[in-house]
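Observations on the model geometry
The residues making up each chain are set out below.
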Amino acid sequence: MIGRKNMGRASPMLLVLLSFGFLFATYNLVSMVMHNKVASSGKWVADGLDWFDPVIRKPEEVTSMESSNVQFHVAVTATDAPYSKWQCRIMYYWYKKMKDMPGSNMGGFTRVLHSGAPDNLMDEMPTYVVDPLPDGLDRGYIVLNRPWAFVQWLEKATIEEEYILMAEPDHIFVNPLPNLAHGDHPAGFPFFYIKPAENEKIMRKYYPKEKGPVTDIDPIGNSPVIIKKSLLETIAPTWMNVSLKMKDDPETDKAFGWVLEMYGYAVASALHGVRHMLRKDFMIQPPWDLAVGKTFIIHYTYGCDYNMKGELTYGKIGEWRFDKRSYLRGPPPRNLSLPPPGVPESVVRLVKMVNEATANIPGWDAS
């Protein structure tokens, strides 16, 4: 159990700068990898999603991929920073729009606020306040608070649903989301940059040989994942401890950077013998995924930069752009300009959905 330490608080601005530095470095690295992947194959991004098989892997005992038709609770971990608040408000708006539509198995919603104190959104959306990690333990890597937040919430809160969707503030529900999990088999999204097999030397520090091959570690993070609550209650403490141990190891910290906590969840799941069904249709990530199709979530983690010809300008600020990092200190304005002609549908849909939410959320400028 984590106890509180009597330590001086680091400057909030310093922590923000450190966190942003990690994020910006990883964003640029991933952007370059994505660029090269697209340029070399021309086939990684989806230019139409109606035709493809959304399931990369399913356990042999799962014979049907139809929705289990059991409700799940939507849980999003968040801070009280303006950057987190405005994203949560947009996410909650679209949760409410999609929740009761045909095909949805969404149940209740909780913003798990790991800032340790209530904020000004408590009356706008269901929120459960938990403690952050003890001062200094995250060392500027604020995402380490995510597993600790889930540990506390699962221990203390009353959660009626049998399943939980772990989501993030920068998720927008673009279609009604069914329960993609099946019994004890959670559903997760495969991230191309989570590569346990290519990092076997490091993986063996946390996943010993007697547990099995490193290919038993799924190429996922904790979000988006739909998982049975009882399984998450078992995995979450291990996820927290593995993530903290990874952060303490310089080799692991250097190798995994901003996605370290994602590896922590993947390893923790494998340690408990839990394998995820990998669903490519769970989520798209503009600008790399071009079409929405029958997918369920838009994840707007990457910047979208284009010239006025509708051409993506990799790693360069475009004549037209939408990047959530442009709004670190406050919400984006209402009625953002739409992309120029030629920009993929996924980006156009994203901006239209942001505009609809901001137009209808009361007191938007006060985010």
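Residues numbered from 1 in each chain as written. Predicted model: local features only at pLDDT ≥ 70, side-chain atom pairs only at ≥ 80, totals over all residues. Heavy atoms only, no water.

Let's talk about the overall build of the protein chain
When helices and strands are counted, the protein chain shows eight helices and 13 strands. Looking at the 367 residues of the protein chain, the share that counts as buried comes to 57%. Nonlocal contacts in the protein chain, meaning residues at least 24 apart in sequence, comprise 74% of its contacts between residues at least 6 apart. If you sum the accessible surface of the protein chain, you get close to 16300 Å²; carbon and sulfur atoms cover 54% of it. (Helix = DSSP H or I, 4+ residues; strand = E, 2+ residues; numbered from the N terminus. Buried < 20%, exposed > 50% of the residue type's maximum accessible area, 1.4 Å probe, protein only. Contact = heavy atoms within 4.5 Å. Areas by Shrake-Rupley, 256 points an atom, 1.4 Å probe, with all protein chains shown as cover.)

Things to note about the side chain of H171
The topology assignment puts H171 in strand β6 (residues 171-173). Beyond its immediate sequence surroundings of up to four residues, H171 is in contact with M91, S223, P224, M283, I297, I298, H299 and Y300.

With respect to the packing of aromatic side chains
This model, assessed by the stated rule, comprises 19 aromatic pairs. Aromatic side chains Y93 and W94 sit 5.2 Å apart centroid to centroid with 85 degrees between the ring planes, which places their arrangement in the edge-to-face category. Given the relative accessible area of 5%, W94 is considered buried. Judged by centre distance (5.0 Å) and plane angle (80 degrees), the ring pair of F189 and F191 falls under edge-to-face. (Phe/Tyr/Trp six-rings, centres within 6.5 Å; stacked < 30°, edge-to-face > 60°.)

A closer look at the sheet that holds strand β11 (residues 297-299)
With mixed pairing, the three strands of this open sheet are ordered in space as β6-β11-β10. Of all strands in the sheet, those bounded by a partner on one side alone are β6 and β10 (283-284). The sheet contact formed by β10 and β11 spans two bridges and is parallel. Following the sheet pairing, I284 is matched in β11 by I298. (Pairing = 2+ DSSP bridges.)

Comments concerning helix α8 (residues 345-360)
For α8, which comprises 16 residues, the first-to-last C-alpha distance of 23 Å matches the rise-based estimate of 22 Å (1.5 Å per residue) to within 8%. Taken as a whole, α8 has its buried residues at S346, V347, L350, V351, M353, V354, N355, A357 and T358. Contacts from the buried residues of α8 go to α2 (82-99), β6, β10, β11, β12 (304-306) and β13 (320-322). (Expected span 1.5 Å × (residues − 1).)

Concerning the nonpolar core
Judged by nonpolar contacts, the single largest core of 107 residues is most densely connected at F173, L177 and F282. Apart from residues no more than four positions distant in its own chain, L177 is found in contact with F72, G103, S104, N105, M106, L165, I226, F282 and F296. (Core = buried A, V, L, I, M, F, W, Y, C linked by side-chain atoms within 4.5 Å.)

Examining unusual backbone geometry
That bond from S223 to P224 is cis: its omega, 0 degrees, falls within 30 degrees of zero. Examined against the element boundaries, P224 turns out to sit in the loop between α4 (200-203) and β8 (225-228). Residue P286 is joined to P287 through a cis peptide bond whose omega torsion reads 5 degrees. Mapped onto the fold, P287 is located in the loop between β10 and β11. Of note, R139 is a non-glycine position whose phi angle comes to about 50 degrees, a positive value. Locating R139 in the fold gives a position in the loop between β4 (127-129) and α3 (145-156). Judged by its relative accessible area of 40%, R139 is partly exposed.

Re the confidence of the model for the protein chain
Mean pLDDT for the protein chain: 87, with 82% of residues reaching 70 or above. In the model, residues 1-52 has pLDDT below 50 throughout and makes 74 contacts with residues more than four positions away in sequence or in other chains. (pLDDT = per-residue confidence, 0-100.)

Concerning helix α5 (residues 229-248)
Structurally, the α-helix is built with 3.6 residues per turn, so residues lying three or four positions apart point the same way. Relative to the 28 Å expected for 20 residues at 1.5 Å per residue, α5 spans 29 Å between its end C-alpha atoms, a close match to the ideal helical length. At I235, α5 shows its maximal kink, close to 30 degrees; a proline, P237, follows between one and four residues later. (Bend = angle between axes of the 7 residues up to and from the residue.)

As for the pairing of strand β3 (residues 106-113)
Among the eight residues of β3, seven are classified as buried, and the element is accordingly described as predominantly covered. Relative to β3, strand β2 (residues 72-78) runs parallel, the two sharing six bridges. Directly across from T77, in β3, lies its bridge partner V112. Note on the crossover from β2 through α2 to β3: the handedness is right-handed. Alignment of β3 against β4, held across three bridges, turns out to be parallel. Its bridge partner lying in β4, L113 is registered against V129. (Right-handed = clockwise from strand over helix to strand, strands pointing away.)

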